[in-house]
Amino acid sequence: MIILFISYKGGVGKSSLAYNYAIYTGSQYITNDLVAIDDSKIIRIEPKRKRIPAHLTSDCDTVFDFGAMSTQADPKITQAVKRADVIVIPTLTDLRSLKATAETINLTKASGKPIVVVINNYKDEKKFKAAQQWLQNHAGITAIYGIRTTTLFERVCRDGPEWLINIHNGHGEFQLSKTQAKHPLCQASCRL
């Protein structure tokens, strides 16, 4: 399966979500970001390259982390949209992020691929509900999940994927179980 994490706006947690999802599912992680998490397994496609090499997505689960679309669409994004089985668009609850999410939806919906929006890193349930309603009204999206503020993604980025894979103490197992129970995206990933 190929999952594309994409956003018209930076700073919405796209790379954190994509990287953690790739680790959680054992998928390869491919990004077009210039600055990425320090992990030797990450595959970076340099900005000057116009195409995604075909061998990178043949016969393996892949997570694309593609962004930086603000001034000119990266031609690799069009390829990633065509290759993806599911498109995931992270956002925050502020209006600027929601508008950028609606633009990203408009850029990708012609593909006919399933689109999932993740309202990321929220603390206030009322803001989450308001953002969810805004997206339903302005973008027609009903597949909207939320991820409350959590330190789980920070731990994986700081301590590496081994922390998630080899949780070695009761507190870590408790934190992981608590996060999976609280966040539908963790549960939904098993169904995708």
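Everything that follows concerns the structure shown earlier in this document.
Residues numbered from 1 in each chain as written. Predicted model: local features only at pLDDT ≥ 70, side-chain atom pairs only at ≥ 80, totals over all residues. Heavy atoms only, no water.

J.: What is the right way to look at the pattern of salt bridges in this model?
T.: Pairing between side chains becomes possible if they bear opposite charge and their charged atoms approach one another. Evaluated as defined, the whole model comprises 2 salt bridges. The residue glutamate 125 makes a salt bridge to arginine 148 at a minimum N-O spacing of 3.6 Å. In this pair, glutamate 125 sits in helix H4 (residues 125-139) while arginine 148 sits in strand S7 (residues 144-148), placing the two residues 23 residues apart along the sequence. (Salt bridge = Lys/Arg side-chain N within 4 Å of Asp/Glu carboxyl O. Helix = DSSP H or I, 4+ residues; strand = E, 2+ residues; numbered from the N terminus.)

J.: When you look at helix H3 (residues 95-108) in this model, what are you seeing that I'm missing?
T.: Helical geometry: 3.6 residues make up each α-helical turn, so side chains three or four residues apart lie on a common side. Spanning 14 residues, H3 covers 20 Å between terminal C-alpha atoms, matching the ideal 20 Å at 1.5 Å per step. Within H3, the full set of buried residues consists of Ser97, Leu98, Ala100, Thr101, Ala102, Thr104, Ile105 and Thr108. On its buried face, H3 is in contact with strand S1 (2-6), helix H2 (75-83), strand S5 (86-91), strand S6 (115-122) and H4. (Expected span 1.5 Å × (residues − 1). Buried < 20%, exposed > 50% of the residue type's maximum accessible area, 1.4 Å probe, protein only. Contact = heavy atoms within 4.5 Å.)

J.: Even after reading the chapter, I still don't get the environment of lysine 129, so can you show me in this structure?
T.: Assignment of secondary structure puts lysine 129 in helix H4. For lysine 129 and glycine 146, which are 17 residues apart along the polypeptide, the C-alpha to C-alpha distance reads 9.5 Å.

J.: I tried to follow the sheet that holds strand S2 (residues 28-31) on my own but got confused; where do I start?
T.: In a beta sheet, neighbouring strands are held together by backbone hydrogen bonds and run either parallel or antiparallel to one another. Read from one edge to the other, the open sheet built from 7 strands follows the order S3-S2-S4-S1-S5-S6-S7, with strand pairing classed as parallel. The open sheet has two free edges, formed respectively by strand S3 (43-44) and S7, since each of these has just one partner strand. The pairing of S1 with strand S4 (residues 62-66) spans 5 bridges and is parallel. Pairing of isoleucine 2 across the sheet is with threonine 62, part of S4. (Pairing = 2+ DSSP bridges.)

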